[in-house]
Amino acid sequence: MKNLKLKSARAAFDMSQQQLADEVGVTRQTINAIEKGDYNPTIRLCLSICHTLGKTLDELFWEEPSEKE
Amino acid sequence: MSQRSYYMCILAFLSVLTIFLIIIAIVRIKNGKNAEPNEFDERQKLIRGESFKYAYAILILYLLFNSVIEDLTGKYRGAAGILLGIFVSLAVAIILCIWKDAFFNRDSTGKSLTVSNIFLLILDFYWGIPAILDPKNTYPYSIVFFYAGVLNLLILAIIAVKSFKDRREKDVESL
């Protein structure tokens, strides 16, 4: 399941994947994998991303049960 | 060079390499928390673990097949056959890691790996191709060099394809 909320939050900050990756201490490919839905980050990384983008966990990573299916 | 001195040279090289690796390990353990932190992120660590798991499984399978085939044909390659299996499984781990972006850490560009691989490729083919072409060659390790060269070539090809793919991804992402 693609994470479009993360992508739009990042775009709202005018941040590239590389910039966000540098801020949170991961590779660009990891951010790409999270946005594409290919990787589920740990809670630590989720929090790090949320703090960088000034959003809550719900705003970036919450999925409704119907979305998950 | 006699066959005995050939094997003694290989043994000496492996001993020096092992001692070198042990020294590095001791230094890193001694430095403890001051040691350079692991630069691989969580996703990369997961993928590396998976890659090594598959490589280990392939090594076990290879050794099983190798022993059966050697018994059936009566041609025993000894340590050279095992070495080839190690090269194959290492290549599998490396290729999987490169393809899934888990081989290079954040600070690495992969240039040093590419350069060292090209150097190894030249050495492998320099030692390996004459062994393939000379039917009287009795040193089994020489042929292993040829196969190692082929695997090196495959790794270089994967690095090239991946770099091209990454560059395109970056360009698309920046649009």
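- In the annotation of an unreviewed UniProt entry, chain A is listed under the name Putative transcriptional regulator and assigned to Faecalicatena orotica.

## Regarding the overall build of chain A
Phase 1: When you go through chain A residue by residue, the secondary structure sums to six helices and zero strands.
Phase 2: Element order for chain A, N to C, with α for helix and β for strand: α-α-α-α-α-α.
Phase 3: Computed over the C-alpha atoms, the radius of gyration of chain A is 11 Å, within 12% of the 11 Å expected from 2.2 N^0.38 for a compact globule of 69 residues.
Phase 4: Overall, chain A is about 35 × 20 × 20 Å in size when its C-alpha atoms are taken along their principal axes.
Phase 5: A buried classification covers 42% of the 69 residues belonging to chain A.
Phase 6: Considering only contacts within chain A whose residues lie at least 6 apart along the sequence, 51% involve residues at least 24 apart.

## Quick notes on the packing of aromatic side chains
Each pair of aromatic rings is reported with the distance of its centres and the angle of its planes.
Residue and element names in this part refer to chain B.
Phase 1: Tallied over the full model, the rule gives three aromatic pairs over all chains.
Phase 2: Geometrically, the ring pair formed by Phe103 and Phe104 is edge-to-face, given 5.2 Å between the ring centres and 85° between the ring planes.
Phase 3: Judged by its relative accessible area of 22%, Phe103 is partly exposed.
Phase 4: Aromatic pair Phe146 and Tyr147: ring centres 5.8 Å apart, planes at 65°, arrangement edge-to-face.
Phase 5: The partly exposed category is assigned to Tyr147, whose relative accessible area is 37%.
Phase 6: An aromatic cluster is built from Phe125, Phe146 and Tyr147, whose rings are joined through pairwise contacts.
Phase 7: When the ring centre of Tyr54 is taken as origin, the NZ or CZ atom of Lys53, which lies over that ring, is 5.4 Å away.

## Details of a nonpolar patch on the surface
Phase 1: On the surface, Phe13(B), Leu14(B), Leu17(B), Phe20(B), Leu21(B) and Ile24(B) cluster together to form a nonpolar patch covering roughly 580 Å² of accessible area.
Phase 2: Within the secondary structure, Phe13(B) is located in helix 1 (residues 3-31).

## Some points on the interface of chain B and chain A
Phase 1: On the chain A side, the residues contacting the 11 residues of chain B number 18 residues.
Phase 2: Counting across the chain B and chain A interface gives one salt bridge.
Phase 3: Asp166(B) is the salt-bridge partner of Arg28(A), the closest N and O atoms lying 3.9 Å from each other.
Phase 4: For the pair chain B and chain A, the interface holds six residue pairs in polar contact (both at pLDDT 80 or more).
Phase 5: Elements supplying a minimum of two residues to the side of chain B that touches chain A: helix 2 (42-73) and helix 5 (140-174) of chain B.
Phase 6: For the side of chain B that touches chain A, the per-class residue count stands at one nonpolar, one polar and nine charged.

## Some details on the UniProt feature "transmembrane region" (unreviewed entry) in chain B
Residues and elements named next belong to chain B.
Phase 1: Following the UniProt record, the feature "transmembrane region" (unreviewed entry) maps to residues 6-27, 52-69, 81-100, 112-133 and 139-161 here.
Phase 2: What you have in residues 81-100 is 95% helix and 0% strand, and the ends, taken at the C-alpha atoms, are 29 Å apart.
Phase 3: The span residues 112-133 is 100% helical and 0% strand by assignment, and the distance between its end C-alpha atoms comes to 31 Å.

## A short note on unusual backbone geometry
Phi is mostly negative for residues that are not glycine, and the peptide bonds are mostly trans.
Phase 1: A positive phi angle, near 55°, is found at Asp14(A), a position not held by glycine.
Phase 2: Looking at the element boundaries, Asp14(A) is found in the loop between helix 1 (4-12) and helix 2 (17-24).
Phase 3: Of the residues examined, Asp14(A) reaches a relative accessible area of 66% and is grouped as exposed.
Phase 4: If you check the backbone angles, Asp101(B) has positive phi at about 60° while not being a glycine.
Phase 5: Looking at the secondary structure, you find Asp101(B) in the loop between helix 3 (79-99) and helix 4 (111-133).

## Topic: the domain arrangement of chain B
Phase 1: In terms of domains, chain B is made up of domain 1 (1-35), domain 2 (43-97) and domain 3 (108-167).
Phase 2: Each of domain 1 of chain B and domain 2 of chain B was reduced to a C-alpha centroid, and the two centroids are 22 Å apart.

## Some points on the environment of Lys75(B)
Phase 1: You can see Lys75(B) is positioned in the loop between helix 2 and helix 3.
Phase 2: Sequence separation between Lys75(B) and Ser51(B) is 24 residues; the distance between their C-alpha atoms is 31 Å.

Conventions used here
- Residues numbered from 1 in each chain as written.
- Chains lettered and ligands numbered in written order.
- Predicted model: local features only at pLDDT ≥ 70, side-chain atom pairs only at ≥ 80, totals over all residues.
- Heavy atoms only, no water.
- Helix = DSSP H or I, 4+ residues; strand = E, 2+ residues; numbered from the N terminus.
- Rg over C-alpha atoms; globule rule 2.2 N^0.38 Å.
- Buried < 20%, exposed > 50% of the residue type's maximum accessible area, 1.4 Å probe, protein only.
- Contact = heavy atoms within 4.5 Å.
- Phe/Tyr/Trp six-rings, centres within 6.5 Å; stacked < 30°, edge-to-face > 60°.
- Lys NZ or Arg CZ within 6 Å of the ring centre and 35° of its normal.
- Patch = residues over 30% accessible without salt bridge, like charges linked within 9 Å, V, L, I, M, F, W, Y side chains within 5 Å.
- Areas by Shrake-Rupley, 256 points an atom, 1.4 Å probe, with all protein chains shown as cover.
- Salt bridge = Lys/Arg side-chain N within 4 Å of Asp/Glu carboxyl O.
- Polar contact = N/O pair within 3.5 Å; in protein donor to acceptor, adjacent residues only side chain to side chain.
- Nonpolar A, V, L, I, M, F, W, Y, C, P; charged D, E, K, R; others polar.
- UniProt positions renumbered as here; feature names shortened; annotations may be inferred.
- Domains from an automatic or database assignment.

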